[in-house]
Amino acid sequence: MSHSHNPAPLIGHRAAGLKGRVRVPGDKSISHRALIFGLLTRGTTEIEGLLEGEDVLATGRACTLLGAKVERVGTGAWRVAGTGIGSLLPPKGVLDFGNAGTGSRLMMGVVAGHGITATFDGDASLRKRPMRRVLDPLVKMGAEVVEQAEGGRLPLKLAGASDPIPVSYETPVASAQVKSAVLFAALNSPGTTTVIEKEATRDHTEKMLAHFGADIKVEPHGQHGRKITLKGRPELHPNKVIVPADPSSAAFPLVAALIVPGSDIVIEGVMDNPLRTGLVTTLLEMGANIEFTNRRTEGGESVTDLRVTASDLRGVDVPADRAPSMIDEFPVLAVAASFAKGTTRMRGLSELRVKESDRLAAVHAGLIANGVDAQIEGDDLIVHGGAVRGGGEVATHLDHRIAMSFLVMGLASQSPVGVDDGTMIATSFPTFVPLMAALGAEILPS
Ligand code: S3P
């Protein structure tokens, strides 16, 4: 499968104070899951606020190939007529997930729990990412990896089990994708499956299972972990999904407003599920001025408006056990840390090496390219903050968050910051450039 595209270099220019009210697009994690729940539910699932980014659209196409009718009825408004658990169709084409790790791994769980065979593929970034972490438990449940690229990578062909074996599985890495893949496979299992995680990770799958009527129990496990018990073969009931605004996308205007002097913005309706709020916790410790107003519940998740004003940040030590709750936010935290007084140490970042790019290396290289003093020590990233020179061009390695993070850096550095390719921003935040422009930020083609 060819995914070549023409790179679109972008430059973030120094901004005067950012001003205005914005709403970022729907949460990527919940959007993928909403479509998958639609597929696994007989009847019609209505979705409001779906993120219409490339990653999620790829999951929508995969759902269609597996037998669902997926229909866009308005902006962010989608309808999925699903086949229900146990009734997926063998796909007639390759399930091509583009850049999307979440979509591909969650769907491997779905396919693994059905007696069908599917080929999974993706772009050059996704083809580099480890899939064994997901395949290992799925093979224990009876699925078979028929073909795979070196090291259990895409493209790969997965033959699912029509009667998946219930398992008790402890995830070896803190990963909501691995946990969710097992739970999705377990949905078509004749018994009860247990997943144990030592560190709690985002719980959207669990919440949505309950929302659709599955028999699921979530209990604390150890100091930071959880034990999830799911009874197989429930009859899922169609239910509406309202997708809240994505805190991982809100992170970009949030950090931008903190580092651009004179800024005062409001980001509306941002999900503040505690398993996603590590960045906000860290920024508050750094001295960020963030006010939370109008806290309410939307679609079963707590959301809040964030009022953010420019702040003098201080370096902090970010503990490793906070990493799962901010795993996608380290690139933009590193940018905030570059402008802070003193040193920030971010601990326990080994998982960053297997994201859309090796984010630890990509962030470090981007910081150095822009004159920021930073080191990697083991799995920690250390950033010495101060005035940021900028002027570098950052290699994005097909990684949307590397692109957006360094464009945000350019809004406050002495010289503009360029990124070699902004194309991937469309995977998670297609409205990033116009939304930032509405706040007064100039992000322009170079
Ligand atoms: C996600 C889980 C995280 C995160 C990704 C979305 C999810 O990945 O990085 O962007 O929706 O389950 P891991 O499960 O690999 O930590």
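Treat the numbers as computed from the prediction; the structure is a model and nothing was measured. The numbers attached to residues start from 1 for each chain and follow its sequence in the written order. Owing to the predicted nature of the model, reporting of local features is limited to residues with pLDDT of at least 70; listing and counting of side-chain atom pairs is limited to 80 or more, with chain, interface and lining totals taken over all residues. The side-chain values count all of the structure's non-hydrogen atoms but skip hydrogen atoms and water molecules.

Asks: Outline the packing of helix 3 (residues 101–112) against helix 6 (residues 176–186), supporting the account with residue identities and numerical values.
Replies: Whenever a helix is involved, its axis is fitted only over the stretch in contact; in every case the axis is a line through C-alpha atoms, and angles between N-to-C directions fall within 0 to 180 degrees. Working definition: helices are DSSP H or I runs of at least four residues, strands are E runs of at least two. Numbering for both runs from the N terminus. Contact geometry for helix 3 and helix 6: axes closest at 6 Å, N-to-C directions at 25°. With respect to helix 6, the element helix 3 is oriented roughly parallel. Relative to helix 6, the crossing made by helix 3 is right-handed. Within the contact between the two elements, helix 3 uses Gly101, Thr102, Arg105, Leu106, Gly109, Val110 and Ala112 and helix 6 uses Gln177, Ser180, Ala181, Phe184 and Ala185. For this classification, the nonpolar set comprises Ala, Val, Leu, Ile, Met, Phe, Trp, Tyr, Cys and Pro, the charged set comprises Asp, Glu, Lys and Arg, and every other residue, Gly included, is treated as polar. Considering only residue class, the contact of helix 3 with helix 6 consists of six nonpolar, five polar and one charged. Convention used here: angles under 35 degrees read as roughly parallel, angles over 145 as roughly antiparallel, angles from 65 to 115 as roughly perpendicular, and any remaining angle as oblique. Left-handed is the label given to a crossing in which the near helix is rotated counterclockwise from the far helix by less than a right angle, and right-handed is the label when the rotation is clockwise. Should any heavy atoms of two residues lie within 4.5 Å, those residues are counted as being in contact.

Asks: Help me get a handle on the packing of helix 1 (residues 28–40) against helix 7 (residues 204–211), residues and values and all.
Replies: Running from N to C, helix 1 and helix 7 point in directions that differ by 35°, and their axes come no closer than 10 Å. Both helix 1 and helix 7 take part in a crossing whose hand is right-handed. Contacts from Ser29, Ile30, Arg33, Ala34 and Phe37 in helix 1 reach His204, Thr205, Met208 and Leu209 in helix 7. Its residues assigned to classes, the contact of helix 1 with helix 7 shows five nonpolar, three polar and one charged.

Asks: Got a sec to walk through the UniProt feature "binding site: phosphoenolpyruvate" (unreviewed entry) in the protein chain? Specific residues and values, please.
Replies: UniProt positions are given in the numbering used here, feature names are shortened, and annotations may be inferred rather than shown by experiment. According to UniProt, the feature "binding site: phosphoenolpyruvate" (unreviewed entry) maps to Lys28, Gly101, Arg129, Gln177, Arg359 and Arg401 in the numbering used here. Within this annotated set, the largest pocket is lined by Lys28, Gly101, Arg129, Gln177, Arg359 and Arg401. Relative to the helices and strands, Lys28 resides in helix 1. Relative accessibility thresholds used throughout: buried, under 20% of the residue-type maximum; exposed, over 50%; partly exposed, between the two (1.4 Å probe, protein chains only). Residue Lys28 is classed as buried on the basis of its relative accessible area of 8%. When near neighbours in sequence (up to four residues on either side) are disregarded, Lys28 contacts Leu51, Asp55, Val56, Thr102, Asp246, Glu356, His400, Arg401, Thr427 and Ser428. Along the chain, Arg401 falls in helix 12 (residues 400–410). Apart from residues lying up to four places away in sequence, Arg401 is in contact with Lys28, Ser248, Phe252, Asp328, Pro331, Arg359 and Ser428. Lining residues are defined by having an atom within 4 Å of a point belonging to a cavity or pocket. Those points lie on a 1 Å grid over the protein atoms alone, cavities being sets where a 1.4 Å probe fits but cannot get out and pockets being open sets with protein on both sides within 12 Å along at least five of seven lines.

Asks: Can you break down the environment of Leu360 residue by residue, with the values?
Replies: By the element assignment, Leu360 lies in helix 11 (residues 359–369). Judged by its relative accessible area of 1%, Leu360 is buried. Apart from the residues within four sequence positions on either side, Leu360 is in contact with Leu349, Leu352, Arg353, Ile376, Gly378 and Leu381.

Asks: Outline the domain arrangement of the protein chain, supporting the account with residue identities and numerical values.
Replies: Domain segmentation is taken from an automatic or database assignment of domains. According to the domain assignment, the protein chain contains domain 1 (10–26 + 244–445) and domain 2 (28–231). Using only C-alpha atoms to locate each centre, domain 1 and domain 2 end up separated by 28 Å. Each side of the interface is counted separately: domain 1 has 26 residues, and domain 2 has 28 residues. Both faces combined, the contact of domain 1 with domain 2 buries some 2100 Å², and carbon together with sulfur accounts for 51% of it. Of all residues in domain 1, Leu275, Glu356 and Thr427 give up the largest surface area on contact with domain 2, accounting jointly for 25% of the area buried on that side. Salt bridges, as used here, are contacts in which a Lys or Arg side-chain nitrogen is within 4 Å of a carboxyl oxygen on Asp or Glu. Counting across the domain 1 and domain 2 interface gives four salt bridges. Buried area: the accessible surface (1.4 Å probe) lost by two parts on joining, summed over both.

Asks: Pulling in residues and values, what's your account of the site of the ligand?
Replies: Nearness is judged by heavy atoms alone; a residue qualifies as near a molecule or strand once a single heavy atom is within 4 Å of it. Around the ligand lies a shell of 13 residues, among which Ser29, Arg33, Ser175, Asp328 and Lys355 are the nearest. Polar contacts here mean pairs of N or O atoms no more than 3.5 Å apart (in protein, one a potential hydrogen donor and the other a potential acceptor; neighbouring residues in sequence count only if both atoms are side-chain atoms). Measuring from an oxygen atom of the ligand, one finds a backbone N or O atom of Ala176 at 3.1 Å. Interatomic distance of 2.7 Å between a side-chain N/O atom of Lys355 and an oxygen atom of the ligand. Considering the ligand on its own, with 390 Å² of exposed area, one finds that the protein chains cover 96% of that surface. Whether a molecule sits in a cavity or pocket is decided by its atoms, more than half of which must lie within 2 Å of the grid points. For the ligand, the cavity whose grid points lie within 2 Å of the majority of its atoms is the largest pocket. Every element with two or more residues in the shell around the ligand is listed here: helix 1, helix 3 and helix 6. With three residues, the single largest contributor to the shell around the ligand is helix 1. Split into classes, the residues belonging to the shell around the ligand amount to three nonpolar, four polar and six charged. Taken domain by domain, the makeup of the shell around the ligand includes at least three residues from each of domain 1 (10–26 + 244–445) and domain 2 (28–231). A 1.4 Å probe and the Shrake-Rupley method give the accessible areas. Residues count as covered only by the protein chains that appear here.

Asks: Outline the sheet that holds strand 9 (residues 153–159), supporting the account with residue identities and numerical values.
Replies: Strand order in the open sheet formed by four strands is 6-7-9-8, with mixed pairing between adjacent strands. Looking at strand neighbours, the two that pair on one side only are strand 6 (95–96) and strand 8 (144–149), the edges of this open sheet. One bridge is not enough; two strands pair if DSSP finds at least two bridges between them. Looking at chain direction, strand 6 and strand 7 (residues 117–121) are connected through two bridges and run parallel. The residue bridging Asp96 from the neighbouring strand is Asp121, located in strand 7.

Asks: Got a sec to walk through the pattern of salt bridges? Specific residues and values, please.
Replies: Applying the stated criterion across every chain, the model contains 34 salt bridges. Across the pair Arg296 and Glu298 runs a salt bridge, and its minimum N-O distance is 3.7 Å. With a shortest N-O distance of 3.9 Å, Arg347 and Asp380 are connected by a salt bridge. Of this pair, Arg347 sits in the loop between strand 19 (343–346) and helix 11 while Asp380 sits in strand 21 (residues 380–384), placing them 33 residues apart in sequence. On the basis of relative accessibility, which here comes to 29%, the residue Arg347 falls in the partly exposed class. Looking at Asp380, the relative accessible area reads 12%, which means it is buried.

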